[in-house]
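Each chain, letter by letter, is given below.
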Amino acid sequence: MSDRLKVRLAYQRGFQVVDGNTVLQAFDERNDAFKFVHWRGARVWLDWSRTVIGGQTLPFDFTAMFQQDAVGRVFKAIQGPGAGTWLWTCFQGGARGTVANKDEAAFEVERAFTRYIIKADWR
């Protein structure tokens, strides 16, 4: 099984959790689908695209989307003492950090968003 699972809208109603082309399970509520992913030790696979600000595509800058919503961002520090590191942020919940490469940054955004949706860190 993958460590990243896709959560998508199901035909007519609800959400499906998908691994590749295989539907693992369907749920009425998004949160239940996210919990299923988390309980399997995985994270939700977000859609990634280049960040566009003011009509300009930014170098080394990517935005994470879930359905139609931007949920996070990763970008490479170009200058300063952290030059070469990657910064990441999950817009919901405010999790953020700095890591060595883009793959780690994407991992952190996907993990933070999955945990935010299921309220894993709420007390």
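Keep in mind it's a predicted model, so treat the numbers as computed, not measured. Here, residues in each chain are numbered from 1, in the same order as that chain's written sequence. Only residues with pLDDT of at least 70 get local features here, since the model is predicted, and only at 80 or more are side-chain atom pairs given and counted; chain-wide, interface and lining totals rely on the full set of residues. In computing side-chain values, all of the structure's heavy atoms are included and hydrogens and water are not.

K.L.:
What should I look at first to understand the pattern of salt bridges in this one?
P.N.:
Pairs can form between side chains of opposite charge whenever their charged atoms are close. What counts as a salt bridge is simple: a side-chain nitrogen of Lys or Arg found within 4 Å of a carboxyl oxygen of Asp or Glu. A complete count under the given rule lists 8 salt bridges for this structure. Taking the shortest distance from any N to any O, the salt bridge between E110 and R43 comes out at 2.9 Å. Of this pair, E110 sits in helix 2 (residues 102–117) while R43 sits in strand 4 (residues 43–44), placing them 67 residues apart in sequence. Judged by relative accessible area, E110 falls into the buried class, the value being 0%. Helix numbering and strand numbering both begin at the N terminus, where a helix is a DSSP run of H or I of at least 4 residues and a strand a DSSP run of E of at least 2. Each residue's exposure class comes from its accessible area (1.4 Å probe, protein chains only) as a fraction of the maximum for that residue type: buried when under 20%, exposed when over 50%, partly exposed otherwise.

K.L.:
Looking at this structure, how should I read the sheet that holds strand 5 (residues 47–53)?
P.N.:
Think of a sheet as strands paired side by side through backbone hydrogen bonds, with each pair either parallel or antiparallel. One open sheet holds the 5 strands; their spatial order is 5-6-7-8-9, and the pairing between them is antiparallel. Of all the strands in the sheet, the pair left with one neighbour each is strand 5 and strand 9 (96–99). Direction aside, neighbouring strands of the sheet carry axes that sit 30 degrees apart on average. Contact criterion: two residues are considered in contact whenever any of their non-hydrogen atoms come within 4.5 Å of each other. All axes here are fitted lines through C-alpha atoms, helices being fitted over the stretch that makes contact, and every angle between N-to-C directions spans 0 to 180 degrees. Lying on the sheet, helix 2 is in contact with strand 5, strand 6 (56–66), strand 7 (69–76), strand 8 (86–90) and strand 9; it crosses strand 8 at an angle near 10 degrees. Two strands form a pair only when DSSP identifies at least two bridges running between them.

K.L.:
For this particular structure, what's the right way to read the nonpolar core?
P.N.:
Soluble globular proteins tend to bury their nonpolar side chains together. The criterion is simple. A nonpolar core is a set of buried Ala, Val, Leu, Ile, Met, Phe, Trp, Tyr and Cys residues joined through side-chain atoms within 4.5 Å. Counting residues in each nonpolar core, the largest one holds 27 residues, and the members touching the most others are V7, V17, F34, L46, F66 and F113. Secondary structure elements with two or more residues in this core: strand 1 (4–9), strand 2 (15–19), helix 1 (30–39), strand 6, strand 7, strand 8 and helix 2. It is helix 2 that contributes the most residues to this core, 5 residues altogether. For V7, the contacting residues outside a window of four places in its chain are F15, Q16, V17, A33, F34, V37, V44 and F66.

K.L.:
I tried to follow unusual backbone geometry on my own but got confused; where do I start?
P.N.:
Peptide bonds are mostly trans, and most non-glycine residues show a negative phi. At Q12, a residue that is not glycine, the phi angle is positive and equals roughly 80 degrees. Not every positive phi belongs to a glycine, and K119 is a case in point at roughly 60 degrees. Looking at the element boundaries, K119 is found in the segment after helix 2.

K.L.:
How should I be thinking about the sheet that holds strand 3 (residues 22–27) in this particular structure?
P.N.:
Read from one edge of the open sheet, 4 strands run 3-2-1-4, paired in mixed fashion. Sheet topology places strand 3 and strand 4 at the edges, where each strand pairs with a single neighbour. As defined by bridge partners, strand 1 adjoins strand 4 across 2 bridges and the pair is classed as parallel. Bridged to L5 within strand 4 is V44.

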